[in-house]
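# Structural overview
If you want the building blocks of each chain, they are given just below.
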Number of protein chains: 4
Amino acid sequence: MATEREAAIAAVREDVARLHGELVRYDLIVWTGGNVSGRVRIGDDPHEDLFVIKPSGVSYDDLTPENMILCDLHGNVVPGTPGSERSPSSDTAAHAYVYRHMPEVGGVVHTHSTFAVAWAARGEEIPCVITAMADEFGGPIPVGPFAIIGDDSIGRGIVETLRGHRSRAVLMQNHGPFTIGVSAKDAVKAAVMVEDVARTVHYAREAGPLIPIPQDAIDRLYDRYQNVYGQSSDARRDEGAAS
Amino acid sequence: MATEREAAIAAVREDVARLHGELVRYDLIVWTGGNVSGRVRIGDDPHEDLFVIKPSGVSYDDLTPENMILCDLHGNVVPGTPGSERSPSSDTAAHAYVYRHMPEVGGVVHTHSTFAVAWAARGEEIPCVITAMADEFGGPIPVGPFAIIGDDSIGRGIVETLRGHRSRAVLMQNHGPFTIGVSAKDAVKAAVMVEDVARTVHYAREAGPLIPIPQDAIDRLYDRYQNVYGQSSDARRDEGAAS
Amino acid sequence: MATEREAAIAAVREDVARLHGELVRYDLIVWTGGNVSGRVRIGDDPHEDLFVIKPSGVSYDDLTPENMILCDLHGNVVPGTPGSERSPSSDTAAHAYVYRHMPEVGGVVHTHSTFAVAWAARGEEIPCVITAMADEFGGPIPVGPFAIIGDDSIGRGIVETLRGHRSRAVLMQNHGPFTIGVSAKDAVKAAVMVEDVARTVHYAREAGPLIPIPQDAIDRLYDRYQNVYGQSSDARRDEGAAS
Amino acid sequence: MATEREAAIAAVREDVARLHGELVRYDLIVWTGGNVSGRVRIGDDPHEDLFVIKPSGVSYDDLTPENMILCDLHGNVVPGTPGSERSPSSDTAAHAYVYRHMPEVGGVVHTHSTFAVAWAARGEEIPCVITAMADEFGGPIPVGPFAIIGDDSIGRGIVETLRGHRSRAVLMQNHGPFTIGVSAKDAVKAAVMVEDVARTVHYAREAGPLIPIPQDAIDRLYDRYQNVYGQSSDARRDEGAAS
């Protein structure tokens, strides 16, 4: 019989495998690009937690709960677990860094979605000019530093940009969006929404000057959406865990 | 045996649940955004009517006739009816306001479709430069005021902009399109068409000056389409009710 | 047993019903917009021919060979034939005009596809800067006059623009593309290709000056494609009839 | 029992037929446009190799391993083999030229994908401003000469542009992208990625100045991706052969 720990791992494997399908559904990735991970809460100390991430270079058609890979918060594959014979996503170190330094984060997503990357290639934050963006991100989507794979610089750039920021999304310069959430699903939602606003604001600004939303209206929208929207006061957060 | 009233409610539940699928098919929404509602005509006094709307924050894959929510024209959920354990769409108050003040309206739709929102973020009406737009909307698509959720200001902005206007669509500034129709289906059609014209006119104008359509041609096209097009002189209106 | 005439009508009904699906597949239409028709060759005199077109205002999901409508070359529905209880497409008069005046035409298609309409709203022809366009259209896509529904002016505009022109597509000003072909399938192919080149040349020109293709290269490409491409020297033309 | 040679041919037929589906999935082609080919390694001398390519003008829905066409490296159909009654793709000579002159190439793909063609119509290379592009192509995507079908000039233009270049993609001026790879799958991946970067950099530059990536960062990214990414040090190359 599965222990509570095993059940928790199995549930996150299931979630993470399934959620990759949302990246396909919303056209956020091509080929084997992009990745979703989800934290497994193990005990009271978040440093003992694990996370589940997809294998590197495997087709989205072939992702299953069994070939998801279980890692510790330093990005090491847990030996002897299902999927451990494969290499985890090449962005595993960045995910691990985020989980290690932001205990409140339950999910991380990275994509190369078209419009979010376009803003990132100019190193330009997305201004908050639509109410859905105020709801979801509480202001502009910030840009993180230029950092390349190989050490902790991507993870550090994400954490330094998002810590204390309302936005759950950061556009890493010349690279693309990383999003965080209370769960893998919540981070996927942020990845879907960041591309949606990146696209909409791109087209809006292309055709003429934008009307800013007053800061106090942004504040009221953000506060309301985070606290009231959905099926209960915790809805947006809860729905990350539910299906 | 179902009474006439029950049958009417069941038919609208069915319609509204199914029509959300059209928002997905035409790429007008992401995640749980957007909403469709339909009026249930109860008796001679339109103030006794009810309407059906989707629940808040529920995945489009999970919408069924049974979890649609029945509300009175003040936006209160009718207790004890299927779906009433859930919260209705966060835009319910705006829908209710429209039904209360425009007895001829049988359906209301709201989306954050990309190009319609782009025009809304500039607070710019869409000029009528294509014949399909003259057919469907009889002129430009107007912009409504900036208004945020929490009181009647969105509903009032919709009604004040659309009352007496040919257009069944309004672009609420910094927010997005709301459309109305003689039925839920008719309002969904308007939501599909407003995004189509918003996109087409965006691309058209981006590349050079547009040729206006003379007002008398717009008038003739609008008149003809509203009265002749389809399978009978009432066709466009009727097809809202039919499937 | 079906006569030859009946078999010919049945084959075109089948073709035309099925080909509407290609308009959906290539995203050329929304809702009930757009229409495909195909000529039925009856005898030696093309003026005795008939054509098959879709009904007006019917969902693309519901189009079948049986509800396609048989018309004579003046656009009158042939009484007592399947589908004849419905009204044919509101563009039937334009199709009929083309068949009446261009005996070589076997199919006509009309859509409101986004980028083709965008060029039409500026009244601007699409310049021939890509080899696929030289292959398919032999030069620029021309613009036809502004004409509105209600008399022969749309049909006349199409015929006057395309007669003697290499292009099988015309952008009717402020309205949209009409395409012709040796068969309904050939006209659908032209509708797919005109949107493809309208989109590609739009994006190309948006970002900087285009390199023209020398006229003699256009001539050679057009000649080769019309005469050599495909499974035999008649391939492009033949494949209109085949599936 | 199948000889090793027959088995090799059958495997490439299967691969090439299936991979055309990826062109559809990623929206790289319309109608019967585009083509994928794969080399069959026959012995020690690459000049004895064969390749498999799709037939000309056949619907993507109808492509099967059996109707793929086997050619020698001069583009002649191998008589008496399955599919040999049909004409091969009109781009067969260009594919053959590449295989003849670049023995390391195992697959060639050609499409008219929208954004890649848009850059080609301006004769403009795509600058390397996003890390995914540095990974995959190691720098800018180059432009090849204007060349039209009918002799070796397209093949020669591809080979002269790509030989010694890091990029596996070339934008043939006024025409479109050709990509190469160690296998047909690898070339298809390059075709998918070249459209992805063509689109992203188009939108990025449209809205303001791009931030260049320093050359040494491009070099490190390219080196790492070619040697480390995926399930083993040969992963990117290997996955071309695997499914």
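Below: a short report on this structure. Think of each chain on its own: its residues are numbered from 1, step by step along the sequence as written. Note on labels: chains are lettered from A, ligands numbered from 1, in written order. Selection of residues for local features in this predicted model requires a pLDDT of at least 70, selection of side-chain atom pairs for listing and counting requires 80 or more, and totals for whole chains, interfaces and linings are taken over all residues. For the side-chain quantities, the full set of heavy atoms in the structure was used; hydrogens and water were omitted.

## Considering the overall build of chain A
The helix count covers DSSP runs of H or I at least four residues long, the strand count covers runs of E at least two residues long, and both are numbered beginning at the N terminus. Per the secondary structure count, chain A includes eight helices and seven strands. The C-alpha radius of gyration of chain A comes to 17 Å, within 12% of the 18 Å expected for a compact globule of 243 residues. Projecting the C-alpha coordinates of chain A onto the three principal axes gives extents of approximately 60 × 40 × 30 Å. Here chain A, with 243 residues, has 62% of them falling under the buried criterion. Each accessible area value is a Shrake-Rupley result obtained with a 1.4 Å probe; residue values ignore everything except the protein chains displayed when judging cover. Accessible surface, chain A as shown: approximately 8700 Å² in total, 51% of it carbon and sulfur. Just so you know, the count uses Lys and Arg for positive and Asp and Glu for negative, and it drops His and the chain ends. Here the site of a charge means NZ on Lys, CZ on Arg, CG on Asp, or CD on Glu. In chain A, 22 positive and 34 negative side-chain charges are present, and the distance between their average locations comes to 3 Å. The globule rule used for comparison is 2.2 Å times the number of residues to the exponent 0.38, while the radius of gyration itself is calculated over C-alpha atoms. Between buried and exposed lies partly exposed: a residue is buried under 20% and exposed over 50% of the maximum accessible area for its type, with that area taken using a 1.4 Å probe on protein chains only.

## Focus on the relation of the copies chain A and chain B
Least squares is the method used to superpose the copies, on C-alpha atoms of residues holding a pLDDT of at least 70 in both. You can overlay chain A on chain B at an RMSD of 0.0 Å; the transform is a turn of 90° with a shift of 0.0 Å along its axis. Here the two chains are linked by the operation of a four-fold rotation axis. Considering only C-alpha atoms, the part of chain A nearest the rotation axis is Glu-206 of chain A, at 5.7 Å.

## Regarding the side chain of Arg-13 of chain A
All names here are of chain A. Residue position: Arg-13 is located in helix α1 (residues 4-25). By convention in these notes, a salt bridge is any Lys or Arg side-chain nitrogen within 4 Å of a carboxyl oxygen on Asp or Glu. One buried charge, Arg-13, has no salt-bridge partner; the nearest side chain with opposite charge is Glu-66, at 7.4 Å. Reaching out from Arg-13, the side chain makes a polar contact with the backbone oxygen of Met-68 at a distance of 2.6 Å. Note on contacts: a residue pair qualifies if any of its non-hydrogen atoms lie within 4.5 Å across the two residues. Residues contacting Arg-13, with those up to four places away along its chain left out, are Val-52, Pro-65, Glu-66, Met-68, Ile-69, Leu-70, Thr-81 and Pro-82. We define a polar contact as two N or O atoms separated by no more than 3.5 Å, with the added condition that, inside protein, one atom must be a possible hydrogen donor and the other a possible acceptor, whereas residues neighbouring each other in sequence contribute only through side-chain atom pairs.

## Topic: empty space enclosed by the protein
For cavity detection a 1 Å grid was placed over the protein atoms alone, and a set of points counts as a cavity when a 1.4 Å probe fits there but cannot get out; an open set counts as a pocket when protein lies on both sides within 12 Å along at least five of seven lines, with lining residues being those that have an atom within 4 Å of a point. Grid points are joined across faces, edges and corners, and a volume is the space filled by probe spheres set on the points. Considering all chains together, one arrives at eight cavities of 30 Å³ or more under this definition. Roughly 420 Å³ of volume is contained in the largest cavity. Around the largest cavity sit 32 residues that line it, and Ala-132, Asp-135 and Tyr-225 of chain B together with Gly-33 and His-112 of chain C are the ones nearest its centre. A total of four residues in the lining of the largest cavity trace back to one element, the largest contributor, which is helix α4 (residues 131-137) of chain B. Each residue is assigned to one class: nonpolar for Ala, Val, Leu, Ile, Met, Phe, Trp, Tyr, Cys and Pro, charged for Asp, Glu, Lys and Arg, and polar for all the others, Gly among them. By residue class, the composition of the lining of the largest cavity is 13 nonpolar, twelve polar and seven charged.

## Remarks on the packing of helix α6 (residues 184-206) of chain C against helix α3 (residues 114-122) of chain D
Orientation is described by lines fitted to C-alpha atoms, with helices fitted over the stretch in contact, and by angles between N-to-C directions that extend from 0 to 180 degrees. Across the interface, α6 of chain C lies against α3 of chain D with an axial gap of 8 Å and an inter-helix angle of 55°. The angle between α6 of chain C and α3 of chain D falls in the class oblique. Pair α6 of chain C / α3 of chain D crosses with right-handed handedness. Between α6 of chain C and α3 of chain D, the residues in contact are Asp-196, Arg-199, Thr-200, Tyr-203 and Ala-204 of chain C and Thr-114, Phe-115, Val-117, Ala-118, Ala-121 and Arg-122 of chain D, respectively. Geometric relationships in this document are graded by angle, where less than 35 degrees denotes roughly parallel, more than 145 denotes roughly antiparallel, 65 to 115 denotes roughly perpendicular, and other angles denote oblique. Crossings are classed by handedness, with left-handed meaning an anticlockwise turn of the near helix from the far one by less than a right angle and right-handed meaning a clockwise turn.

## Some remarks on the pairing of strand β2 (residues 50-53) of chain B
Regular strands show a simple pattern: their side chains alternate between the two faces of the sheet. Residue and element names in this part refer to chain B. Residues Leu-50 and Val-52 point to one face of β2 and Phe-51 and Ile-53 to the other, with burial holding for every one of them. Any two strands between which DSSP finds at least two bridges are classified as paired. Across four bridges, the pairing between strand β1 (residues 35-40) and β2 is antiparallel. Opposite Ser-37, over in β2, you have Ile-53 as the bridge partner. Pairing geometry for β2 and strand β3 (residues 69-72), over four bridges, is antiparallel.

## Comments concerning the pattern of salt bridges
Using the criterion set out here, one finds 52 salt bridges over all chains in the structure. Here Arg-168 of chain B ties to Asp-186 of chain B by a salt bridge, and the two come within 3.2 Å at their closest N and O atoms. Of this pair, Arg-168 of chain B sits in the loop between α5 (153-162) and β6 (169-172) while Asp-186 of chain B sits in helix α6 (residues 184-206), and the two are 18 residues apart along the sequence. Asp-186 of chain B shares its class with Arg-168 of chain B; the two are buried. One salt-bridge network, in which partners are shared between bridges, spans Glu-136, Arg-168, Asp-186 and Lys-189 of chain A.

## So, the interface of chain A and chain B
Taken together, the 35 residues of chain A in the interface contact 30 residues of chain B. Roughly 2800 Å² of surface becomes buried between chain A and chain B when both sides are summed, with 59% attributable to carbon and sulfur atoms. Asp-61 of chain B is the partner of Arg-25 of chain A in a salt bridge, and the nearest nitrogen-oxygen pair spans 2.6 Å. The tally of links from chain A across to chain B stands at ten residue pairs in polar contact (both at pLDDT 80 or more). If you list the elements that add at least two residues to the side of chain A that touches chain B, you get α1, α4 (131-137), α6 (184-206) and α7 (215-227) of chain A. Of the residues contributing to the side of chain A that touches chain B, the split by class is 19 nonpolar, six polar and ten charged. As a working definition, buried area equals the accessible area (1.4 Å probe) given up by two parts on being put together, with both sides summed.

## With respect to unusual backbone geometry
Among all residues except glycine, the phi angle is most often negative; among peptide bonds, the trans geometry is most common. All names here are of chain C. For Trp-31, which is not glycine, the phi dihedral falls at a positive 55°. The residue Trp-31 is located in the loop between α1 (4-25) and β1 (35-40) in this model. Classification of Trp-31 as buried rests on a relative accessible area of 9%.

## Examining α7 of chain A
Residues and elements named next belong to chain A. In this model, α7 (13 residues) spans 18 Å end to end at C-alpha, consistent with the 18 Å of a helix rising 1.5 Å per residue. Among all positions in α7, only Ala-217, Ile-218, Leu-221, Tyr-222, Tyr-225 and Gln-226 are buried. The buried residues of α7 occupy an angular sector of 150° when projected down its axis, which confines them to one face. A helix is expected to span 1.5 Å for every residue after the first. It is the directions from the helix axis to the C-beta atoms that the arc portrays.

## Considerations on the sheet that holds strand β4 (residues 107-110) of chain A
Residues and elements named next belong to chain A. Spatial ordering of the open sheet is given by β3-β2-β1-β4-β7-β6-β5, a layout of seven strands whose pairing is mixed. Each of the sheet's edge strands pairs with one partner strand only, and the pair in question is β3 (69-72) and β5 (143-144). α6 rests against β1 (35-40), β4, β6 (169-172) and β7 (176-181) of the sheet, and its axis sits at about 145° to β7.

## Some points on the interface of chain B and chain C
At the junction of the two partners, chain B supplies 35 residues and chain C supplies 30 residues. Summed over both partners, the interface of chain B with chain C buries about 2800 Å², with 58% contributed by carbon and sulfur atoms. The interface formed by chain B and chain C contains nine residue pairs in polar contact (both at pLDDT 80 or more). Counting residues per element, the ones that place at least two in the side of chain B that touches chain C are α1 (4-25), α4, α6 and α7 (215-227) of chain B.

## Let's talk about the relation of the copies chain B and chain C
After a rotation of 90° and a shift along the axis of 0.0 Å, chain B superposes on chain C with an RMSD of 0.0 Å. Both copies present different contact surfaces, since only 6% of the interface residues of chain B are interface residues in chain C too.

## Digging into the packing of helix α2 (residues 92-101) of chain B against α5 of chain B
Residue and element names in this part refer to chain B. Taken N-terminus to C-terminus, the directions of α2 and α5 make an angle of 45°; their axes are 7 Å apart at the nearest point. One finds that α2 runs oblique with respect to α5. α2 and α5 meet at a crossing whose hand is right-handed. Taking contact as the criterion, the partners of Ala-94, Tyr-97, Val-98 and His-101 in α2 are, on α5, Ile-154, Gly-155, Arg-156, Ile-158 and Val-159. Residue classes in the contact of α2 with α5 are distributed as six nonpolar, two polar and one charged.

## Here we look at helix α5 (residues 153-162) of chain A
All names here are of chain A. Taken across its ten residues, α5 has eight buried, putting it largely inside the fold. Residues Ser-153, Ile-154, Gly-155, Gly-157, Ile-158, Val-159, Thr-161 and Leu-162 constitute the buried set of α5. On its buried face, α5 is in contact with α2 (92-101), β5, β6 and β7. A positive backbone phi angle near 80° is found at Gly-164, which sits one or two residues after α5.

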